[in-house]
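Chains, contacts and geometry: an overview
Each chain, letter by letter, is given below.
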Amino acid sequence: MVGKRSVNDLFFDISDLLLMIFTFIIMAYPFIYILSYSLSDPLKITTGLVLYPEGFSLDAYKAALGSPSIFHAIFISILRTTIGPIFMILVTAMAGYCITREDMKGVRIFRKYFVYTMYISAGLIPTFLVIKALGLVGSFWIYILPSSVSVFNMVLIKSFIESIPKSLEESAMMDGANDFYLFWRIIFPICTPVIAAVTLFGAVGQWNAFMDTQIYNTMHPELFTLQYVLYLALTTPPMDIGEEMRIFITPKAFRMAMTVLTILPILAIYPVLQKYFVGGIMIGAVKG
Amino acid sequence: MGIEDSYDVATNAHACGYIVIRKTGREIMIKTRQNIALTKNSSWTNSLYKHRFLYLMVFPAVIATIIFSYIPLFGWIIAFKNYRIGLSIWKAPWTGFYQFKRFFIQGDDLVNLLRNTLITNISSLVFSLVFACAFAILLSELRYKKLGKIVQTVSFFPFFISWVTIYTILHALFAVTSGAVSMALVDVGLLKKGINFLGDERFSWVLAVVVQVWKSLGCNSVIFLASISGIPLEQYEAAEIDGAGRCGKIYYVTLPNLMPTLIVLMIMNIGWILSSNLDLFYLLTNPTNRRTMEVLDMYIYRYGLQLNDFSYATAIDIIKTVVGLILVTSANALSRMYTGKSIL
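Computed from a prediction, not measured in an experiment: that's the story for all the values here.

1. Here we look at the overall build of chain B
Helices and strands together make up the secondary structure of chain B, namely 15 helices and two strands. Counted over contacts in chain B with a minimum sequence separation of 6, partners at least 24 positions apart contribute 56%. As displayed, chain B has an accessible area near 18,400 Å², and 66% of this comes from carbon and sulfur atoms.

Have a look at this one:
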């Protein structure tokens, strides 16, 4: 009996280990591939599945960073990644606090008012028409304003605030603090974990956004983001990368270098991201 | 609660305009009529003024929500009109349910669209959750914790990168001639010519599902890992005494404990069964695979913004939202009936 069980367990352990290694390869290989390809000398690549850089060369990166249009796109991406989350957190956190205040008249209505937007969406065209009527098409603010209220994040913040003991708020109110002061000086600092998580959600979302450029700003190259330029490079590499560079690199090597550049900022903050996202998901899951 | 305490409660209640009735040892507080009148007179304006800062703080979000979520709802009217760019919405002629008839009766896109949307959405939902669940179990059972940590860290990463980067990677790996996989298969001699993974109709659904599962695996598994760590150890010990091996413990203890999470997550996503990720499908859909790859959202995008048929696109958007709403409400009712919990 015991012998059979331990044999089974051993078999289980080995298959578990193999499956995990397999998962690791599936998850990691695409990244290894793009990194190796972008660092290779494209003319020396002969095999299909590249595992390490062949004939080390940084030409692809030089070409990518040497292109003024890509440089400008990086600038736009950074701009929206910083301004967007700040805007979002200001608007969303204040509203998130207000909907925890049971003593405020109409708090239930506000809560429903926000949550319904998660389920009722007007759709692509009506939203497009409103944004066009507001004159936001072809402007930078299209990246910032529509995403300034995130109901999902609002609910996360609300759940967090509700977990803070009420007595804290009450004692501050006794001391005569007004609601504005109370929120910014007492509640907001306590909410740092959830605020950090939500700001990071927002920043990653802004950095990765693609469809808004495609929908609203295709006619405005000065507002192209890095994601959009990367998408354009799938069909044609930017024209301004310089004649002498074009001889040394292939379009694919160029795309791989751009992809690595696009992923790099995310990779840089990944340890922080992972930590806060796990926390964020757990707050969300508990709520659900 | 001592006598003195209850006396305290009673006096406080009196002060706030309640009368306290003692009945079979329990206190019931009733607001007296006089006091209701007293509080009512000044309550409205008083309370508005008292919470003026709160209203001020919620104001930006209310405005942004009105502009970007509620005002567009009035745009639904164009589904019942023949609206073209440059025309005023009010002057456009009424067409009644013409656009809906066009989609349901006259057009022949409906079947394909619904099939593509439902197949890709349902399978990516089910496979994402099932694989994430299996992955979480295997991860928690792994003997080499360090390796587990590494695998988990790596598997979580794709969740944070954009669909454009994912598509670029897909393209690099699976393009017909320059794709790594095709090249490798040709090199080995298995194929004469590269496979067109990204353009061939046969691969559309597999592609859309696999990519979504790949991206969300690590993220979804976090929820299951947390559920697993919440399972009481006694249950495993009891199973062990009953002679269960490791597989037995997974089958009889872990899985039954994870089932509720799995079901709740599936129910929660029912309302979005007709909505696809536009970023992904915009990139994946091309003229060669449109018949099997185009989903409702992409169709709306194509008709609305590429063919400028605003009324038709809006009609389909309305159908999508209404069906989604019906599904969410029914899922909510079901969930309330069986688990007593509301998902909304």
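2. Some details on the overall build of chain A
A count of helical and extended segments in chain A gives 14 helices and zero strands. Scanning chain A from its N terminus toward the C terminus, one meets helices and strands in the order α-α-α-α-α-α-α-α-α-α-α-α-α-α. For chain A, the C-alpha atoms occupy an extent of roughly 75 × 75 × 35 Å along the three principal directions. Each of the 288 residues in chain A was classed as buried or not, and the buried ones make up 52%. Of the roughly 13,300 Å² that chain A leaves accessible, carbon and sulfur atoms contribute 73%. Measuring between centres, the 19 positive side-chain charges of chain A sit 7 Å from its 18 negative side-chain charges.

3. What about the packing of helix α11 (residues 226-233) of chain A against helix α13 (residues 251-268) of chain A?
Residue and element names in this part refer to chain A. Where α11 meets α13, the axes come as close as 10 Å, and the angle between the chain directions of the two elements is 160°. In this view, α11 runs roughly antiparallel relative to α13, as classed from their interaxial angle. As α11 runs across α13, the sense of the crossing is left-handed. Along its contact with α11, which presents L226, Q227, V229, L230 and A233, the element α13 presents R255, M258, T259 and T262. Tallied by class, residues from the contact of α11 with α13 come to five nonpolar, three polar and one charged.

4. Observations concerning the interface of chain B and chain A
Residue-level contacts link 96 residues of chain B with 91 residues of chain A. Taking both partners together, chain B and chain A bury about 8,300 Å²; carbon and sulfur atoms supply 78% of that area. Joining chain B to chain A, the criterion identifies two salt bridges. In this structure, the salt-bridge partner of R246(B) is D13(A), at a minimum N-O distance of 2.3 Å. The interface formed by chain B and chain A contains 22 residue pairs in polar contact (both at pLDDT 80 or more). The leading source of residues in the side of chain B that touches chain A is helix α3 (residues 52-74) of chain B, at 18 residues. Its residues assigned to classes, the side of chain B that touches chain A shows 68 nonpolar, 20 polar and eight charged.

5. Brief notes about the packing of aromatic side chains
This model, assessed by the stated rule, comprises 44 aromatic pairs over all chains. Both rings, one in Y303(B) and one in Y312(B), keep their centres 5.0 Å apart while their planes meet at 75°; by these two values the pair is edge-to-face. Residue Y303(B) is classed as buried on the basis of its relative accessible area, which comes to 17%. One aromatic cluster is present, formed by F31(A), Y270(A), F156(B), F157(B), F159(B), F160(B) and W214(B) through successive ring pairs. Above the plane of the ring of W94(B) lies K81(B), whose end atom (NZ or CZ) is 4.6 Å from the centre.

6. Thoughts on unusual backbone geometry
All names here are of chain B. Here N308, not a glycine, exhibits a phi torsion of approximately 60°, which is positive. Relative to the helices and strands, N308 is located in the loop between α14 (296-306) and α15 (310-339). Note on N308: relative accessible area 33%, which makes it partly exposed.

7. Brief notes about the nonpolar core
Counting 173 residues, the largest nonpolar core has Y33(A), F114(A), M258(A), F103(B), F224(B) and Y301(B) as the members making the most contacts within it. Broken down by element, the residue count for this core peaks at 12 residues, all from helix α3 (residues 68-98) of chain A. For F224(B), the residues in contact, after removing those within four places along its chain, are L129(B), A132(B), C133(B), A136(B), L258(B), T261(B), L262(B) and L265(B). In terms of nonpolar packing, the next biggest core, distinct from the first, is built from five residues, I231(B), Y236(B), A239(B) and V253(B) among them.

8. Examining helix α2 (residues 59-66) of chain A
Those residues of α2(A) lying buried are A60(A), Y61(A), A63(A) and A64(A). An end-on view of α2(A) places all buried positions within 160° of arc, on one side of the element.

9. What to know about the packing of helix α6 (residues 145-156) of chain B against helix α9 (residues 204-229) of chain B
Residue and element names in this part refer to chain B. α9 packs onto α6 with a crossing angle of 130° between their chain directions and a minimal axis gap of 8 Å. By the angle between their axes, α6 is oblique relative to α9. Between α6 and α9, the contacting residues are Q152, S155 and F156 on the first element and G218, C219, V222 and L225 on the second. Among the residues forming the contact of α6 with α9, the class breakdown is four nonpolar, three polar and no charged.

10. Some words on the pattern of salt bridges
Applying the stated criterion across every chain yields a total of 18 salt bridges over all chains. Note that D103(A) and R101(A) form a salt bridge whose closest N and O atoms lie 3.0 Å from each other. You can call D103(A) partly exposed: its relative accessible area is 38%. Here R101(A) falls in the buried class, since its relative accessible area comes to 2%. In this structure, the salt-bridge partner of R102(B) is D309(B), at a minimum N-O distance of 2.8 Å. Of this pair, R102(B) sits in helix α4 (residues 98-106) while D309(B) sits in the loop between α14 and α15, and the two are 207 residues apart along the sequence. Of the two residues, R102(B) and D309(B), both sit in the buried class. Three or more residues joined by partner-sharing salt bridges are found here, namely D13(A), E141(B), R143(B) and R246(B).

11. Structural notes on the domain arrangement of chain A
Residue and element names in this part refer to chain A. Parsing chain A into structural domains produces domain 1 (1-57) and domain 2 (58-277). Each side of the interface is counted separately: domain 1 has 10 residues, and domain 2 has 14 residues. A combined buried area of about 1,000 Å² lies between domain 1 and domain 2, and 73% of that area is made up of carbon and sulfur atoms. Summed over the shared surface of domain 1 and domain 2, the result is zero salt bridges. The interface formed by domain 1 and domain 2 includes three residue pairs in polar contact (both at pLDDT 80 or more).

12. Observations regarding the confidence of the model for chain A
Of all residues in chain A, 91% have pLDDT values of 70 or greater, and the mean over the chain is 87. The element-level mean pLDDT for chain A is lowest in helix α12 (residues 243-248) of chain A, coming to 60, with α3(A) highest at 94.

Cut-offs used in this document
- Residues numbered from 1 in each chain as written.
- Chains lettered and ligands numbered in written order.
- Predicted model: local features only at pLDDT ≥ 70, side-chain atom pairs only at ≥ 80, totals over all residues.
- Heavy atoms only, no water.
- Helix = DSSP H or I, 4+ residues; strand = E, 2+ residues; numbered from the N terminus.
- Contact = heavy atoms within 4.5 Å.
- Areas by Shrake-Rupley, 256 points an atom, 1.4 Å probe, with all protein chains shown as cover.
- Buried < 20%, exposed > 50% of the residue type's maximum accessible area, 1.4 Å probe, protein only.
- Lys, Arg positive; Asp, Glu negative; His and termini not counted.
- Charge placed at Lys NZ, Arg CZ, Asp CG, Glu CD.
- Axes fitted to C-alpha atoms, helices over the stretch in contact; angles between N-to-C directions.
- Parallel < 35°, antiparallel > 145°, perpendicular 65-115°, else oblique.
- Left-handed = near helix turned anticlockwise from the far one by under 90°.
- Nonpolar A, V, L, I, M, F, W, Y, C, P; charged D, E, K, R; others polar.
- Buried area = accessible area lost by both parts, 1.4 Å probe.
- Salt bridge = Lys/Arg side-chain N within 4 Å of Asp/Glu carboxyl O.
- Polar contact = N/O pair within 3.5 Å; in protein donor to acceptor, adjacent residues only side chain to side chain.
- Phe/Tyr/Trp six-rings, centres within 6.5 Å; stacked < 30°, edge-to-face > 60°.
- Lys NZ or Arg CZ within 6 Å of the ring centre and 35° of its normal.
- Core = buried A, V, L, I, M, F, W, Y, C linked by side-chain atoms within 4.5 Å.
- Arc of directions from axis to C-beta.
- Domains from an automatic or database assignment.
- pLDDT = per-residue confidence, 0-100.

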